[in-house]
Amino acid sequence: MKPDDTAHGEPLPDTANPFLGRTSEIPGLAALSEDADAFLIDQFGTIHDGEHPYPDAIETLHAIRSAGKKVILLSNSGRRATNNDARLAAMGFTTDCYDASLCSGEVGWADLHADPLPCLRQYCRILLLARDPSLDILEGFDIEPVDTVESADLIMLAGSQTDLYGYDTLWDRIRPGIARNIPLVCTNPDRLMLAGGQLHPGAGTLAEAYRNAGGHVRWYGKPYPRLYRAAFALLPGIPRPRIFGVGDSIEHDVAGAAARGCNSVLTRTGIIAHASDAALAAEMTRYACRPTTIMSRFQW
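Residues numbered from 1 in each chain as written. Predicted model: local features only at pLDDT ≥ 70, side-chain atom pairs only at ≥ 80, totals over all residues. Heavy atoms only, no water.

Undergrad: Would you mind showing me how to read the overall build of the protein chain here?
TA: The number of helices and strands found in the protein chain is 10 helices and 14 strands. In summary, the protein chain has a C-alpha radius of gyration of 19 Å against a globular reference of 19 Å for 300 residues, a match within 12%. Scored against the burial criterion, the 300 residues of the protein chain give a buried share of 54%. Within the protein chain, contacts between residues at least 6 apart in sequence are counted, and of these 75% link residues at least 24 apart. Only carbon and sulfur atoms are counted for the fraction: they give 52% of the accessible area of the protein chain, which is about 12,700 Å². (Helix = DSSP H or I, 4+ residues; strand = E, 2+ residues; numbered from the N terminus. Rg over C-alpha atoms; globule rule 2.2 N^0.38 Å. Buried < 20%, exposed > 50% of the residue type's maximum accessible area, 1.4 Å probe, protein only. Contact = heavy atoms within 4.5 Å. Areas by Shrake-Rupley, 256 points an atom, 1.4 Å probe, with all protein chains shown as cover.)

Okay, here's the thing in structure tokens:
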């Protein structure tokens, strides 16, 4: 599931990346103070576990901003920004922790209004798969929620419930949509998710299976271009190599940054907390990228 910049009309930058090809390990982000002007920081698995901040995460965000660096929280959350920001605030991540917070659900909502799928240009029946049953990502459209793909015009995949129902059950629920040419919008492309301390297939794995079986999928979130375009619009004048993506996913955070000429920091937390060096090396080979640097956890 690699980003496709050509298909989305965003060519890769010509600027050479001075860090490309060498990976080091740093104790904290302070080691990059001479090299970075901005950080695109992942949320779940990097600065919090979904319920609580990781140790020193809030203090680290304050330290980054105090050092004069821009902080944009970049999340694959499939809900709108108001929902995502409220969850951050409840965990103690107040607005003075960051310059901006962007999530794939909000970017998807805006893009679907700017470039709606044909089914959304009229009355549309929606099958929603998400951890939270809200359809705020389609606010402003003439829609009706339905329970089966047989009665749907569009599948909205905003989160995974494989920990509750199992992958096969959810796949069987959406698979008939392929034969009916029902499009699928995925606003959370994470292929893995943590729930109850265990890894489970994420919404991105279901969407990938739908696409591989011949279904039409529109993607929002890392590593795809639209979320990054929104972030770069908030960082005018900052060269791409001086922007660092920070996160726990090689596929999403590292590959997404690399595809746009940015550098990256891989944190050994979240979905890779227990991954071996060999497993990480295999992931780097699989997605044809490597982080600029690695650190044990998110800290200054």
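There is more to say after this.
Undergrad: When you look at the pairing of strand β9 (residues 192-195) in this model, what are you seeing that I'm missing?
TA: Side-chain direction in a regular strand flips from residue to residue, so the side chains alternate between the two faces of the sheet. Here β9 shows one buried face, formed by Met 193 and Ala 195, and one open face, formed by Leu 192 and Leu 194. Looking at chain direction, β9 and strand β10 (residues 198-201) are connected through four bridges and run antiparallel. In the sheet register, Ala 195 faces β10, and the bridge partner there is Gln 198. What sits between the antiparallel neighbours β9 and β10 is a turn of two residues, in which Gly 196 has the positive phi angle 60 degrees. (Pairing = 2+ DSSP bridges.)

Undergrad: What is the right way to read the sheet that holds strand β7 (residues 154-157) from this model?
TA: Neighbouring strands of a sheet are bound in pairs by backbone hydrogen bonds; such pairs are parallel or else antiparallel. Reading across the sheet, the five strands line up as β6-β5-β7-β8-β11 and stay open at both edges, with parallel pairing between neighbours. The outermost strands of the open sheet, each flanked by one partner alone, are β6 (143-146) and β11 (217-219). Strand-to-strand twist of the sheet, defined as the mean angle between neighbouring strand axes without regard to direction, takes the value 30 degrees. Sheet analysis places β7 next to strand β8 (residues 184-186), joined by three bridges and oriented parallel. Paired with Met 156 across the strands is Val 185, a residue of β8. (Axes fitted to C-alpha atoms, helices over the stretch in contact; angles between N-to-C directions.)

Undergrad: Teacher, can you tell me more about the packing of aromatic side chains here?
TA: The relation between two aromatic rings is expressed through the spacing of the ring centres and the mutual angle of the planes. For the coordinates displayed, the defined rule picks out three aromatic pairs. For the ring pair Tyr 228 and Phe 232, a centre distance of 6.3 Å and an interplane angle of 40 degrees mean the geometry is tilted. Of this pair, Tyr 228 and Phe 232 both sit in helix α8 (residues 225-233), four residues apart, which is roughly one turn of the helix. Note on accessibility: Tyr 228 and Phe 232 belong to one class, buried. One Lys or Arg, Arg 80, reaches over the ring of Trp 109 and ends 3.8 Å from the middle of that ring. Note that Arg 240 overlies the ring of Phe 232, its terminal NZ or CZ placed 3.8 Å from the centroid. (Phe/Tyr/Trp six-rings, centres within 6.5 Å; stacked < 30°, edge-to-face > 60°. Lys NZ or Arg CZ within 6 Å of the ring centre and 35° of its normal.)

Undergrad: Is there a simple way to explain the packing of helix α3 (residues 104-114) against α8 in this structure?
TA: For any two helices packed against each other, one specifies the crossing angle of their axes together with the interaxial distance. The contact between α3 and α8 brings their axes to 10 Å, and the two run at 95 degrees. Relative to α8, the element α3 lies roughly perpendicular. Note on element contacts: α8 touches α3 through Arg 226, Leu 227 and Ala 230, opposite Ser 104, Val 107 and Asp 111. Within the contact of α3 with α8, the residues separate by chemical class into three nonpolar, one polar and two charged. (Parallel < 35°, antiparallel > 145°, perpendicular 65-115°, else oblique. Nonpolar A, V, L, I, M, F, W, Y, C, P; charged D, E, K, R; others polar.)

Undergrad: Where do I start with the side chain of His 200 in this structure?
TA: For His 200, the location among the structural elements is in strand β10. Residue classification places His 200 among the buried residues on the basis of a relative accessible area of 19%. Leave out the neighbours within four places in its chain, and His 200 touches Thr 162, Asp 163, Arg 191, Leu 192, Met 193 and Ala 195.

Read these as spatial facts, not as claims about activity.
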